[in-house]
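Chain by chain, the residues:
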Amino acid sequence: MKHRLNATWHRSLIAGSALALIALGTLAQAAEVVNLGALRFTSHAAGYIAYEKGYFRDQGIDLKFKFFQAAQPVAVAIASGDVDFGVTALTGGFFNLAGKGALQVIGGVWHEEKGMNGSAILVSNKAFDAGFKTVDQFPGKSIGITQLGSSFHYMAGQIAEANGFDFKEIKLKPLQKVGAIIGALKSGQVDSFIIAPHIAKGLVNAGAAKQIGWLYDYAPYQVTTVFTSTKNTKEKSDLVGRFMKAYGRGVADFRRVMLDQDKDPAATEAMTKLIHKYVYASRPYAKAAPSIKSGAINLNAGNALDVGDVDKQLKWFQAQKLVSSGFSVRDIVDLSYVQAYNIPN
Amino acid sequence: MNLQMQNIGHSYEDLQVLDGIDLHIDEGQIVCIVGPSGCGKSTLLRLIGGLEVADSGTVLMDGEPPESCLNPLTYVFQDFALLPWRTVEKNISLVLEDHPLSPAARATIIDDVLRRTHLSEFKDVFPRQLSGGMKQRVAIARALAVKPAVMLMDEPLSALDSQTRELLMEDLVDLWGRERFTAVYVTHNLSEAVRLGHRIVVLSRRPGRICEVVDIDTPLDQRDTANPELAQKVKILWQLLHDEARAADRELANV
Amino acid sequence: MSEQPPSPASPPRPTPHPVPFRGGGFNPRPLGIVGPLVFVGLIGLWELGSQTGVIGALFLPAPSEAFAALNELFQSGFLWKHLSASLQRLAMGWSLGSLAGVLVGLSIGLFSLARAGLVPVVSALFPIPKIALLPLFIIWFGIGEGSKVATLFFGSFFPTVIATYGGVDAVDRGLIRMGQSFNLSWLSIVRKIVLPGALPAILSGCRISASIAIILLVAAEMIGAEFGVGAYILLAGNLMAMDQLIAGVVLLSSMGLIVAFLIGKAERRLLRWRR
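What you see is a predicted model, and the numbers here were worked out from it, not measured in a lab.

This part takes up the overall build of chain A. For chain A, the count of helices and strands is 14 helices and 14 strands. Dimensions of chain A, computed from the C-alpha atoms along their principal axes, are close to 90 × 45 × 35 Å. Counting all 345 residues of chain A, 54% fall into the buried class. Of the contacts made within chain A by residues no fewer than 6 positions apart, 78% connect residues no fewer than 24 positions apart. Accessible surface, chain A as shown: approximately 15300 Å² in total, 55% of it carbon and sulfur. Looking at chain A, you have 38 positive and 27 negative side-chain charges, and the mean spots of the two groups are 8 Å apart.

Before going further, it helps to examine the overall build of chain B. On a plain count of helices and strands, chain B comes out with seven helices and nine strands. Relative to the 2.2 N^0.38 estimate, which gives 18 Å for 255 residues, the radius of gyration of chain B is 18 Å and therefore close to what a compact globule would have. With respect to the three principal axes, the spread of C-alpha positions in chain B is 55 × 45 × 35 Å. When the 255 residues of chain B are sorted by exposure, 51% land in the buried category.

Residue and element names in this part refer to chain A. Along its sequence, chain A is organised into domain 1 (32–113 + 222–341) and domain 2 (120–219). Note on domain 1 versus domain 2: buried area summed over both sides is about 1400 Å², and carbon and sulfur give 66% of it. Broken down residue by residue, the surface that domain 1 buries against domain 2 is led by Glu112, Ser294 and Trp316, which jointly contribute 36%. Scanning the region where domain 1 abuts domain 2 turns up zero salt bridges. There are three residue pairs in polar contact (both at pLDDT 80 or more) connecting domain 1 and domain 2. Those elements giving two or more residues to the side of domain 1 that touches domain 2 turn out to be α13 (285–294) and α14 (307–319). Tallying contributions element by element places α14 first for the side of domain 1 that touches domain 2, with five residues. Considered class by class, the residues forming the side of domain 1 that touches domain 2 number eight nonpolar, seven polar and four charged.

The next subject is the domain arrangement of chain B. Accessible area lost on assembly of the parts is the figure often given for the size of an interface. Residues and elements named next belong to chain B. Here chain B is described as being made up of domain 1 (1–65 + 157–168 + 183–255) and domain 2 (69–148). Computed over C-alpha atoms only, the centres of domain 1 and domain 2 are separated by 26 Å. Taken together, the 16 residues of domain 1 in the interface contact eleven residues of domain 2. The contact between domain 1 and domain 2 buries some 1000 Å² in all, and 79% of this surface belongs to carbon and sulfur atoms. Viewed at the interface, domain 2 and domain 1 are joined by zero salt bridges. Counting the contacts that link domain 1 with domain 2 gives three residue pairs in polar contact (both at pLDDT 80 or more). Secondary-structure elements contributing two or more residues to the side of domain 1 that touches domain 2 are α1 (41–48) and α5 (162–179).

Our next topic: the interface of chain A and chain C. Facing 19 residues of chain A, the contacting portion of chain C comprises 16 residues. Summing both sides of the interface, chain A and chain C together bury roughly 1700 Å²; the carbon and sulfur share of this comes to 64%. Considering only the surface of chain A that becomes buried against chain C, Lys100(A), Gln176(A) and Gln189(A) emerge as the three largest contributors, covering 30% of it. Elements with a minimum of two residues in the side of chain A that touches chain C: α4 (71–79), α5 (92–99) and β8 (171–174) of chain A.

This part covers the sheet that holds strand β6 (residues 150–154) of chain B. All names here are of chain B. On the basis of which strands lie adjacent, the open sheet formed by six strands has the order β5-β6-β7-β3-β8-β9 and mixed pairing. Bordering the open sheet on either side are β5 (73–76) and β9 (210–215), each of which pairs with just one other strand. The average undirected angle you get between the axes of adjacent strands in this sheet is 20 degrees. Relative to β9, strand β8 (residues 199–203) runs antiparallel, the two being bridged by five bridges. Pairing of Val201 across the sheet is with Val213, part of β9. Across the face of the sheet, helix α7 (residues 228–249) comes into contact with β3 (30–34), β8 and β9 while running at roughly 20 degrees to β8.

The next subject is the pairing of β8(B). Judged by how many residues are buried, β8(B) sits mostly within the fold: four of five residues are covered. Following β8(B), the chain reverses through six residues before pairing antiparallel with β9(B).

Here we take up helix α9 (residues 229–238) of chain C. All names here are of chain C. The element α9 is largely enclosed, with a buried count of nine among its ten residues. Within the span of α9, buried status applies to Val229, Gly230, Ala231, Tyr232, Ile233, Leu234, Leu235, Ala236 and Asn238. Among the residues trailing α9, Met240 stands out with phi positive, at a value near 55 degrees.

Before going further, it helps to examine a nonpolar patch on the surface. A surface patch of nonpolar side chains, amounting to about 590 Å² of accessible area, comprises Leu31(C), Ile33(C), Val34(C), Leu37(C), Val38(C) and Leu42(C). Assignment of secondary structure puts Ile33(C) in the segment before α1 (34–52).

Further remarks concern the packing of helix α12 (residues 265–276) of chain A against α13(A). The geometry of a pair of packed helices is captured by two quantities: the angle between their axes and the separation between those axes. Residues and elements named next belong to chain A. Following both chains from N to C, one finds α12 and α13 inclined at 105 degrees, their axes separated by 10 Å at the closest point. Between α12 and α13, the interaxial angle falls into the category roughly perpendicular. Across the interface between the two elements, Thr268, Glu269, Thr272, Lys273, Ile275 and His276 from α12 touch Tyr285, Ala288, Ala289, Ile292 and Lys293 from α13. Broken down by class, the residue content of the contact of α12 with α13 amounts to five nonpolar, three polar and three charged.

Within the sequence span of helix α7 (residues 173–181) of chain C, burial applies to Leu175(C), Ile176(C), Met178(C), Gly179(C) and Ser181(C). Turning to α7(C), the residues buried within the fold contact β5, α2 (88–94) and α4 (132–145) of chain B together with α8 (186–220) of chain C. Just downstream of α7(C), Asn183(C) is the residue with a positive phi angle, here 60 degrees.

Moving on: the interface of chain C and chain B. Counting from both sides, the interface comprises 19 residues of chain C and, opposite them, 23 residues of chain B. Carbon and sulfur atoms make up 64% of the surface buried where chain C meets chain B, a total of about 1900 Å² over both sides. When the buried area of chain C at its contact with chain B is split by residue, Phe182(C), Lys192(C) and Trp273(C) rank highest and sum to 37% of it. Where chain C meets chain B, there are two salt bridges. With its nearest N and O atoms 2.7 Å apart, the salt bridge here joins Glu97(B) to Lys192(C). Scanning the region where chain C abuts chain B turns up eight residue pairs in polar contact (both at pLDDT 80 or more).

Residues and elements named next belong to chain B. Note that the residue after Arg206, namely Pro207, is joined by a cis bond; omega there is -10 degrees. With respect to the element layout, Pro207 can be found in the loop between β8 and β9. At Glu13, a residue that is not glycine, the phi angle is positive and equals roughly 50 degrees. Among the structural elements, Glu13 can be located in the loop between β1 (2–12) and β2 (15–25). In this structure Glu13 comes out as exposed when scored by relative accessible area, which is 80%. Even without a glycine there, the phi angle at Arg180 is positive, about 50 degrees. By the element assignment, Arg180 lies in the loop between α5 and β7 (183–186).

Moving on to the sheet that holds β2(B). Picture the strands of a sheet paired through backbone hydrogen bonds; they go either parallel or antiparallel. All names here are of chain B. An order of β2-β1-β4 is seen for the three strands of this open sheet, with the pairing classed as antiparallel. Two strands in the sheet have a free side with no partner beyond their single neighbour: β2 and β4 (56–62). Strand after strand, the sheet turns through a mean of 15 degrees between neighbouring axes, direction not considered. Bridge count between β1 and β2: seven bridges; the pairing is antiparallel.

Cut-offs applied
Residues numbered from 1 in each chain as written. Chains lettered and ligands numbered in written order. Predicted model: local features only at pLDDT ≥ 70, side-chain atom pairs only at ≥ 80, totals over all residues. Heavy atoms only, no water. Helix = DSSP H or I, 4+ residues; strand = E, 2+ residues; numbered from the N terminus. Buried < 20%, exposed > 50% of the residue type's maximum accessible area, 1.4 Å probe, protein only. Contact = heavy atoms within 4.5 Å. Areas by Shrake-Rupley, 256 points an atom, 1.4 Å probe, with all protein chains shown as cover. Lys, Arg positive; Asp, Glu negative; His and termini not counted. Charge placed at Lys NZ, Arg CZ, Asp CG, Glu CD. Rg over C-alpha atoms; globule rule 2.2 N^0.38 Å. Domains from an automatic or database assignment. Buried area = accessible area lost by both parts, 1.4 Å probe. Salt bridge = Lys/Arg side-chain N within 4 Å of Asp/Glu carboxyl O. Polar contact = N/O pair within 3.5 Å; in protein donor to acceptor, adjacent residues only side chain to side chain. Nonpolar A, V, L, I, M, F, W, Y, C, P; charged D, E, K, R; others polar. Pairing = 2+ DSSP bridges. Axes fitted to C-alpha atoms, helices over the stretch in contact; angles between N-to-C directions. Patch = residues over 30% accessible without salt bridge, like charges linked within 9 Å, V, L, I, M, F, W, Y side chains within 5 Å. Parallel < 35°, antiparallel > 145°, perpendicular 65-115°, else oblique.

Below is the structure:
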């Protein structure tokens, strides 16, 4: 009896493994391996959601994350063909690479919009006490940025432009790393800093800095975009389309849950847990959750792209002589995958 | 000024190198110290000049050095010890710079000793440009510059080839003839000792004790190599040293 | 023929011939022209590769583009701004670091207490990459010139300390003994015997510390620097402007060459006695 049962179990095991093997085989055949260059920020959550929920698999994409410490290397890795897709802010370096014909912007991700959670304008306690309490007092003050040509540099430029004063009157302090800027802000060595909400809220709540405004008060801003290599848009257009569909579903889930966190607390909790696998993974969940939740920023619905703002950014970098002037926005965006709006003439 | 050594003994850690040395150095004499290698000749010289302190016994200075003397006990080293970054003139100047002398007085002394050692034309030359013999002449000139009461010469000719050695010995004999300097002259070369020493002190192998003192009365300027009396002295000295040298040769270095 | 036994009579005498020469080779000769020629050749190949498209513009800019970037920098007048900013930092950081290094190295070489106390500290701190300490320097010295000069200072301080006390240790004890035997004062022995004796080692230490200072320039100018060759290179990297990057690297390496040349000149002058 025992022997017979064993035999039956054995037989079914063989059959089961065979089935599993066949299933794996077909999947492996169908699913195309695609690398997504990712940073461990909440603004990248849509990709993590789409992956965890199997949206990429549904499109026959075997997605692999390649994690980076900074935005710049993502663009380089795509230009060199090591990574297929990336989501980062538009920077001088990005535009220069794209201008050489290596990269194409194919969709929008994070978009600063009035009233939506977004980047905050912080001033150091020292500067605040000395009277730096409104944005129009920026002339003569210093601002911490990572590097010249970074999105931080651009944001400082936008504030100068929107308030109608000479950009040269703001003292730029390139400090390479966000951590270094935070340190300099806390100790009062720089007067101000414009930073994403999850960091800004932490600093303000801890009393380490004061918020004097929102970036969105001065301009709508297409902060990050999805991009890929020009080679992919030309030779694997179908794959790019499927990738964007999957990514778009992740964006939709994120918007539904994270942009209205009180509506369904259980769903918010579940999604925060999912994101925590990738963001602040080294911190305990209880500590990470508030940062993740407060870092929920506005993602473009359907990855729609604010082409007009991309054009504005490019022109600003070109005017600053940080980007070569030999190309325009048309050369670096491919609008065949998502809805585009605010299209310049 | 005379020097008196009283019962000098010295050891390095457990190794005794000198034992019960009693010796007088009389003014105007060259005393040669010979002995097998490792017998403590050079140590004795360092003790005499105060570069090391003896474990037991004392070295006494008997009488005042002459008033013009700047450095009563002055060494001449085997390896010359010239500063390679100073010219001949500046090397001599070095030992005068710490004394309260006017630049003119210093220059006079330098010119004088260079002339006496026949080096005047090499004044501005760096040591590397000189032969070994010339370097030692510079070192001797430097020693003369401080007008020593006693010259302590530590195998001054050992680093030179035999022809140069001959020439330098002639110079030293000449110099003594003119200046009657006092010297303690350490060497392992017997014919050197016999050429230059008024008195030759033979040390035993380690620990060094005085085993014989030989006086040679022949005036220095009459001691040429053909002199049978001197050859006899060398032979006697060699007999004294032979067994000691053989035994010393078979000893393990530093055990 | 080989089967034949050798003739018992005297073998035939070979005709006299000269001794063959065997002493050739292993004797490098200076071939002054070859170095520059290789250099020019490599750049020529590189330019050719870029012109024909074998080397993609994305991967490496042509030398002519880098030269154009350099020229543009020169024309705009920013070259002097960058150079003077960097040279000021180098001069301050390196000279203070070397001076302090020589003093500390000398005291280690001369005093047993300093040696016992400082050598372990120096050995422990020397291998720390100064870049890793940059955040600390920012807190201590601020984001102005202080932290930049401090980075260069510490970068050049430690190798100079080690070179100096090594040099002092290597001074011939016989010379020091000679000085003592002539009753030279302690200060005279240090000034006239120990220091000149250690000078060759100190100067080669300077060579190394100057190179380290130039290497650290880029790191030092990461923090809050608007001008400076390092800041220029960093910006070029951020902007993916490879022509400017290469131009900046050329600037750095010419600074290195000039410093090496100056130290070589100082060596020839100060160590004239060695030749």
